[in-house]
Amino acid sequence: MTDIEGRLPDISWRQLQTVLLALADSPMKQMMVQHLVEGTRKQATFLTPESTFREILHIGAALLDSGFQPAESDMNTSAASCSSSPSRP
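Residues numbered from 1 in each chain as written. Predicted model: local features only at pLDDT ≥ 70, side-chain atom pairs only at ≥ 80, totals over all residues. Heavy atoms only, no water.

Peer 1: Mind showing me how you'd approach the overall build of the protein chain here?
Peer 2: When its secondary structure is counted, the protein chain shows four helices and zero strands. For the protein chain, the succession of helices and strands along the chain, N to C, is α-α-α-α. Counting the 89 residues in the protein chain, one finds 20% classified as buried. Counting contacts in the protein chain only where the partners sit at least 6 residues apart, residues at least 24 apart contribute 65% of the total. (Helix = DSSP H or I, 4+ residues; strand = E, 2+ residues; numbered from the N terminus. Buried < 20%, exposed > 50% of the residue type's maximum accessible area, 1.4 Å probe, protein only. Contact = heavy atoms within 4.5 Å.)

Here it is in structure tokens:
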């Protein structure tokens, strides 16, 4: 007998990244995957499992959105905003 509630299969962050990379239809989206998965992995410690899964679904939705085509300049901006160096007033 199987549990009616069931559980999702265990998946590593690396495996998740591989799945999401397969959804990315442009080089820019592929570049985003690594950053988004890493950010979600770091935040998962502070999130409920449901919230972590919601974040993963949001990444997948963004990757599948054909109208969303980030430019290289978008990646440069997001990389700068993720910098750990303190900003000067």
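Peer 1: Can you help me understand helix H3 (residues 49-64) in this one?
Peer 2: The first and last C-alpha atoms of H3 sit 23 Å apart over 16 residues, in line with the 22 Å expected at 1.5 Å per residue. For H3, the full list of buried residues reads Ser51, Thr52, Ile56, Ile59, Gly60 and Leu63. Lining the buried residues of H3 we find helix H1 (13-23) and helix H2 (27-44). (Expected span 1.5 Å × (residues − 1).)

Peer 1: I tried to follow the packing of H1 against H3 on my own but got confused; where do I start?
Peer 2: Two numbers describe a pair of packed helices, the interaxial angle and the distance between the axes. Axis separation between H1 and H3 bottoms out at 9 Å; the angle between their running directions is 25°. Here H3 runs roughly parallel to H1, going by the angle between their axes. Across from Trp13, Leu16, Leu20 and Leu23 in H1, the residues of H3 making contact are Thr52, Ile56, Ile59, Gly60, Leu63 and Leu64. Residues belonging to the contact of H1 with H3 are distributed by class as follows: eight nonpolar, two polar and no charged. (Axes fitted to C-alpha atoms, helices over the stretch in contact; angles between N-to-C directions. Parallel < 35°, antiparallel > 145°, perpendicular 65-115°, else oblique. Nonpolar A, V, L, I, M, F, W, Y, C, P; charged D, E, K, R; others polar.)

Peer 1: Honestly, the nonpolar core in this entry has me stumped. Any pointers?
Peer 2: Nonpolar side chains in soluble globular proteins tend to be buried together. Residues Leu16, Leu20, Ala24, Val33, Val37, Ile56, Ile59 and Leu63 constitute the largest nonpolar core, which totals eight residues. Mapped onto this core, the elements with two or more residues apiece are H1, H2 and H3. By residue number, the principal contributor to this core is H3, which donates three residues. Those residues in contact with Val37 that sit more than four places away from it in its chain are Trp13, Gln17, Leu20 and Ile59. (Core = buried A, V, L, I, M, F, W, Y, C linked by side-chain atoms within 4.5 Å.)

Peer 1: Mind showing me how you'd approach the pattern of salt bridges here?
Peer 2: Pairs may arise between side chains of opposite charge once their charged atoms sit close together. What the rule picks out here adds up to three salt bridges. In this structure, the salt-bridge partner of Lys29 is Asp25, at a minimum N-O distance of 3.3 Å. For the salt bridge of Glu38 with Lys42, the shortest nitrogen-to-oxygen distance reads 4.0 Å. One end of the pair, Glu38, and the other, Lys42, are both in helix H2, four residues apart, so they sit about a helical turn from each other. Residue class for Glu38 comes out partly exposed when judged on its relative accessible area of 32%. Several salt bridges converge on common partners, so that one network encompasses Glu38, Arg41 and Lys42. (Salt bridge = Lys/Arg side-chain N within 4 Å of Asp/Glu carboxyl O.)

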